[in-house]
Structures are given as C-alpha cells and as structure tokens.
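# Secondary and tertiary structure notes
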Amino acid sequence: MGKLFVISGSSGVGKGTVIKEFLNKHPEFKLSVSCTTRAPREGEVDGVNYFFLSKPEFIKRVENGDFLEWAEFSGNMYGTGKDYVEKTLNSGHNLILEIDTKGALNVKSLMPEAKLIFILPPSMEELESRLRGRKTESEEAIKKRLESTKLEIKNSEKFDYKIVNDSIAQALADLEKILLG
Ligand code: 5GP
C-alpha cells in the first residue's frame, strides 16, 4: 500500500508551488486531481489542475458516492475522487491530496493513517499581499479567502505537521523530511 499525505494551507500561501517542486524532484509521488465547480483561472487546464464541473454534475457525483470527501470552500464545491485514491494507494504509489482543512480532517477520520500537513504563511500581512499580487480574484473573493484563513488556521491545530513557507527552498526541504522520512 502507498502512503497518503494531505496538504492544506491558506489560499495564496504558495503550497501549489512547493508541491509542484516536490513532485518534479520525486515523480514517484502522485497528486490527486480534484473536481470543482469553480471557474478555471487563466492558464488552468481541465483534467490537469482540476476537473471543472457544473454544479448539477458535481451534485450528481456526490449522490453517486463518487467522492472520498468533498467540501464547500469560499462559495464553490471541491471533491476528491474515491476511485483514484483507492487505485493509486493499492498499486503501491504514495499519494498527495491538496485540499482544504475540513476535507483533510474528514480524510483523517476515514483513513487515520493519513498524515496531515499544514503550510502556514510567514504572516497574515504577507499572505494578504501574496493573494492580491496574484491578481486572479475579485476584491470580494479575496476578502472571503482571507476570512476562511482564520478557520483554516484553527482547524490546523489537529494536523500532524506544520511548515512555514518563508522561502520555497526551506519549505521544500521541510516537506521532503516529512514525506520521505
Ligand atoms: P483554489 O480555488 O484556490 O484552487 O482552492 C481553494 C481551496 O480548495 C484550497 O484550500 C484547496 O486546497 C481546496 N481544495 C482543492 N481541491 C479540493 C478537494 O478535492 N477537496 C477539498 N475539501 N478541498 C479542496
């Protein structure tokens, strides 16, 4: 059986970049592609970043029991495909889920052997400026995301590990210690 790692972190914390660098160095790890009802951001590709679904299609999959977990985050729905997770772990591959903290805690209750990792920003000010610098969200969406950060940090108290993303290189080294250790 492969090992399951769940990585969460506030929007804009740079977790995507750290995970991408980790996967480039360690291609034996797989990353689960989630389904979402959110609209694609510029440059995002269906089937690569997410499977982009309409709300009715997403709800149909929830009713079919297709998701290991799903959650509403900032007004959109996100879900992890059950089949992919089971097949990947059964074939002996280690798997990373990049999901929100509610989803992470749900996964932990279903699969207690999963290791939960939370990536923190160096400070709230830094997080806000990174979110704004990304220029992909409206002011309203940015405010919603900053609000959810507080709940995310509270939920992270139950996580197994925390990493502060001060520099990508250090965060990557910390992640390697946990995932390869
Ligand atoms: P974004 O819209 O910035 O891509 O993602 C918003 C949040 O949803 C992030 O915290 C991301 O980790 C989380 N997320 C992405 N996919 C899933 C999923 O399948 N399940 C859950 N619970 N959260 C997800």
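Quick look at the overall build of the protein chain now. Along its length, the protein chain carries 7 helices and 9 strands. Relative to the compact-globule value of 16 Å for 181 residues, the protein chain shows a C-alpha radius of gyration of 16 Å, a close match. Over its C-alpha atoms, taken along the principal directions, the protein chain stretches across nearly 40 × 40 × 30 Å. Looking at the protein chain as a whole, 44% of its 181 residues are labelled buried. Of the contacts formed within the protein chain by residues at least 6 apart in sequence, a portion of 66% connects residues at least 24 apart. Here the protein chain has roughly 9500 Å² of accessible surface; of this, 52% comes from carbon and sulfur atoms. When the 27 basic and 28 acidic side-chain charges of the protein chain are each reduced to a single mean position, those positions are 1 Å apart.

Two residues of an α-helix separated by three or four positions point the same way, owing to the 3.6 residues in each turn. The complete set of buried residues in helix α1 (residues 15-25) reads K15, V18, I19, F22 and L23. Taken down its axis, α1 places every buried residue within 130 degrees of arc, on the same side. Exposed and facing more than 90 degrees away from the buried side of α1 are K20 and N24.

What follows is about the pattern of salt bridges. Here the structure, examined in full by the defined rule, presents 15 salt bridges. With a closest N to O distance of 3.1 Å, R61 and E57 form a salt bridge. Here E57 and R61 lie together in helix α2 (residues 55-64), a separation of 4 residues that amounts to about one turn. Look at E57 and you get partly exposed, because its relative accessible area is 24%. One salt bridge connects D83 with K87, and the closest N-O pair in it is separated by 3.3 Å. You can see D83 and its partner K87 sitting in helix α3 (residues 82-90), 4 residues apart, about one turn around the helix. Given a relative accessible area of 56%, K87 falls into the exposed group. Connected through shared salt-bridge partners, R38, R41, E44, E137 and R145 make up one network.

Take the nonpolar core next. Of all hydrophobic cores here, the largest spans 21 residues; its most connected members are I7, F22, F29, I96, I117, L175 and L179. Where this core is concerned, the elements lending two or more residues are β1 (4-9), α1, β8 (115-120), α5 (124-134), α6 (139-155) and α7 (168-180). With 5 residues, the single largest contributor to this core is α7. Core analysis: the next-biggest nonpolar cluster, separate from the first, contains 16 residues, I99, M111, F118 and F159 among them.

A word on the site of the ligand. Close to the ligand lie 16 residues; S34, R38, Y50, E69 and Y78 are nearest. In the environment of the ligand, a nitrogen atom lies 2.7 Å from a nitrogen or oxygen atom belonging to the side chain of E69. T80 is positioned with one of its side-chain polar atoms (N or O) 3.2 Å from an oxygen atom of the ligand. For the ligand, whose accessible area on its own is 510 Å², the fraction buried by protein is 96%. When atom positions are compared with the pocket grids, the ligand is found to occupy the largest pocket. Elements that contribute at least two residues to the shell around the ligand include exactly β5 (67-73) and β6 (76-81).

What counts as what
- Residues numbered from 1 in each chain as written.
- Predicted model: local features only at pLDDT ≥ 70, side-chain atom pairs only at ≥ 80, totals over all residues.
- Heavy atoms only, no water.
- Helix = DSSP H or I, 4+ residues; strand = E, 2+ residues; numbered from the N terminus.
- Rg over C-alpha atoms; globule rule 2.2 N^0.38 Å.
- Buried < 20%, exposed > 50% of the residue type's maximum accessible area, 1.4 Å probe, protein only.
- Contact = heavy atoms within 4.5 Å.
- Areas by Shrake-Rupley, 256 points an atom, 1.4 Å probe, with all protein chains shown as cover.
- Lys, Arg positive; Asp, Glu negative; His and termini not counted.
- Charge placed at Lys NZ, Arg CZ, Asp CG, Glu CD.
- Arc of directions from axis to C-beta.
- Salt bridge = Lys/Arg side-chain N within 4 Å of Asp/Glu carboxyl O.
- Core = buried A, V, L, I, M, F, W, Y, C linked by side-chain atoms within 4.5 Å.
- Near = heavy atom within 4 Å.
- Polar contact = N/O pair within 3.5 Å; in protein donor to acceptor, adjacent residues only side chain to side chain.
- 1 Å grid on protein atoms, 1.4 Å probe; cavity = no way out; pocket = protein on both sides within 12 Å on 5 of 7 lines; lining within 4 Å.
- Sits in = over half its atoms within 2 Å of the grid points.

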